[in-house]
Amino acid sequence: MRTQSAFAVIAVFALSGVSSARADEAGFSSYGLGGSAFGAGVTPPPGTYLTVGSGFYSGKIGRAVTLGNVTLNAGARVDFFQAFINGLYVPDRKILGGNFGLAVTVPAGHISMRANVSAPPLPPVERETAGWGLGDITTRAQLGWQSGDFAHTAYVQVVAPSGRYEVGFKPDIGLNRPGIDTGWSFTWTEKTSKLQFNGTVGVTFNFENTATDYQSGTDFHFEWAIGREVCTGLVIGVAGYDYRQLTGDSGTGAVLGPFEGSVDAIGPALTYTTLVDKTPVILSARFYQEFNADKRWEGSSTMISGTVKF
């Protein structure tokens, strides 16, 4: 019973964590790859949930990308730290037999980039930039069902261009690019072996960055996690994600062409459930190593988060 409750609360932040993956304009994706892992398909029971978390990503790119109407040439490096707070409300009323939830995620972070920058007609020059700022706020609606050991959730989330953004080689935390992501998640737990299988499949529809006249393409993502409860409340396993850009970029700002990116990642993951004065507390940690990157950043990321119910 304790494990099932843990999976329910984990679902609060399973799809709202910080992003570790990049694609589209600037090689950055508006959907937070790596945010979905254990308990991905479970919508929690009625209540109000609060999640806080952070992540760190470090990577480089093997080909040129466009950022704020300037070009970052191959070999550019980025270090990105982000923290977020997420609130989820699940009302005490079912819709179509499932639990309905509304969530908001507010991120902030620090970015540092080092690159050979081209901005014609000026010659290329080595530059660095760094700074703090608010990220793009995400709102989300979800509806989930539970049938025995199988749980699944459908969701829609909207990314608002609310983060720090300036045209040029600047420490942008936001993308100035609205987006809508929709998808489906599942969780299946095998009671005898205590194995848990999770997956999330989704599509991100990007809108134009009006400051640069850059229209990023449509993205596909699949995230997965397999783990086992090795002792009461502790689930350990492996997680990963696969990203593919389905359609090319366009607009006058897409000077490098369609720029259809892709990447894969894998790494260890765990969650731990405990009680603090009768209040469930869920702690989560994941590490991803990216590989097979094409036309996007490739690196590694670490994510941690914690959730409580009020």
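What you see is a predicted model; the values in this text were computed from it and never measured. Each residue is numbered by its place in its chain's sequence as written, counting from 1. Local features in this predicted model are restricted to residues whose pLDDT is 70 or higher, and side-chain atom pairs enter the listing and the counts only when it is 80 or higher, whereas totals over whole chains, interfaces and linings include all residues. The side-chain values count all of the structure's non-hydrogen atoms but skip hydrogen atoms and water molecules.

Section: the overall build of the protein chain
Secondary structure is summarised from DSSP: a helix means a run of H or I of at least four residues, a strand means a run of E of at least two, and numbering begins at the N terminus for each. Across its full length, the protein chain holds 1 helix and 16 strands. With the radius of gyration taken over C-alpha atoms, the globule rule is written as 2.2 Å times the number of residues to the power 0.38. By the compact-globule yardstick of 19 Å for 310 residues, the protein chain fits well, its C-alpha radius of gyration being 19 Å. By the burial criterion, 53% of the 310 residues in the protein chain qualify as buried. A contact between two residues is defined here by any heavy atoms of the two lying within 4.5 Å. In the protein chain, the proportion of contacts linking residues at least 24 apart, taken out of those at least 6 apart, comes to 66%. Under the convention used here, a 1.4 Å probe and the Shrake-Rupley method define accessible areas, while residue burial counts only the protein chains that appear. Total accessible area on the protein chain stands at roughly 12,700 Å², and carbon and sulfur atoms take up 64% of it. Only protein chains enter the accessibility calculation, which uses a 1.4 Å probe; a residue is then buried when its area is under 20% of its type maximum, exposed when over 50%, and partly exposed in between.

Notes on the pattern of salt bridges
Counted as salt bridges are all cases of a side-chain nitrogen of Lys or Arg within 4 Å of a carboxyl oxygen of Asp or Glu. Scanning the model with the defined rule gives 5 salt bridges in all. As a salt-bridge pair, Arg-114 and Asp-79 come within 3.4 Å of each other at their nearest N and O atoms. Separated by 35 residues along the polypeptide, Arg-114 in strand S6 (residues 98–119) and Asp-79 in strand S4 (residues 77–90) bring together distant segments of the chain. Relative accessible area serves as the criterion here: at 28%, Arg-114 is assigned to the partly exposed category. Two residues, Arg-296 and Glu-290, come together in a salt bridge whose shortest N-O distance is 2.8 Å. An identical accessibility class is assigned to Arg-296 and Glu-290; each is buried.

Focus: the pairing of S4
Note: strand S1 (residues 47–61) against S4, 14 bridges, orientation antiparallel. Bridged to Ser-54 within S4 is Ala-83. Strand pairing requires that DSSP identify at least two bridges connecting the strands. One ladder, built from 13 bridges, connects S4 with S6; its direction is antiparallel. In the sheet register, Ala-83 faces S6, and the bridge partner there is Ala-108.

Examining the packing of aromatic side chains
A pair of Phe, Tyr and Trp rings is counted when the ring centres sit within 6.5 Å of each other, with Trp represented by its six-membered ring. The angle between the planes then sorts it: under 30 degrees is stacked, over 60 is edge-to-face, the rest tilted. Tallying each qualifying case throughout the model produces 6 aromatic pairs. Arranged with centres 6.3 Å apart and planes meeting at 70 degrees, the rings of Phe-81 and Trp-132 form a pair that is edge-to-face. Taken together, the residues Phe-81 in strand S4 and Trp-132 in strand S7 (residues 122–134) connect sequence positions 51 residues apart. Classification of Trp-132 as exposed rests on a relative accessible area of 57%. An angle of 20 degrees between the planes, with centres 5.6 Å apart, marks the rings of Trp-188 and Phe-197 as stacked. Judged by relative accessible area, Phe-197 falls into the partly exposed class, the value being 28%. Through pairs of rings, three or more aromatic residues link up here, namely Phe-150, Trp-184 and Phe-186.

Structural notes on the nonpolar core
What tends to happen in soluble globular proteins is that the nonpolar side chains get buried as a cluster. Side-chain atoms within 4.5 Å are what join buried Ala, Val, Leu, Ile, Met, Phe, Trp, Tyr and Cys residues into a set we call a nonpolar core. Formed by 22 residues in total, the largest nonpolar core has its most connected members in Phe-28, Leu-72, Val-78, Ile-111, Met-113, Phe-169 and Trp-297. At the level of elements, S1, strand S2 (65–67), strand S3 (70–72), S4 and S6 are the ones that each hand at least two residues to this core. Counting residues per element, this core draws most heavily on S6, which supplies 4 residues. In contact with Phe-169, other than residues within four places in its own chain, are Leu-67, Val-70, Leu-72, Met-113, Ala-115, Val-117, Arg-127, Glu-128 and Thr-129. Core analysis: the next-biggest nonpolar cluster, separate from the first, contains 15 residues, Val-235, Tyr-243, Tyr-288 and Met-303 among them.

What about the environment of Ser-147?
Topologically, Ser-147 is positioned in strand S8 (residues 138–147). For the pair Ser-147 and Val-230, spaced 83 residues apart in the sequence, the C-alpha separation amounts to 24 Å.

Regarding the environment of Val-158
In this structure, Val-158 sits in strand S9 (residues 150–159). Spatially, the C-alpha atoms of Val-158 and Pro-123 are 39 Å apart, while their sequence positions differ by 35 residues. With near-sequence residues (within four places) excluded, Val-158 lies in contact with Ile-137, Thr-138, Thr-139, Gly-179 and Ile-180.

Section: the confidence of the model for the protein chain
Low pLDDT marks stretches whose predicted atomic positions should not be read closely. When pLDDT is averaged across the protein chain, the result is 89; 93% of the residues are at 70 or more. pLDDT is a residue-level measure of predictor confidence that goes from 0 to 100. Of all helices and strands in the protein chain, the one with the weakest mean pLDDT is helix H1 (residues 2–13) (42), whereas S9 scores best (97). Predicted confidence is poor over residues 1–23, with pLDDT under 50, and the contacts of this stretch with residues over four places away or in other chains come to 96 contacts.

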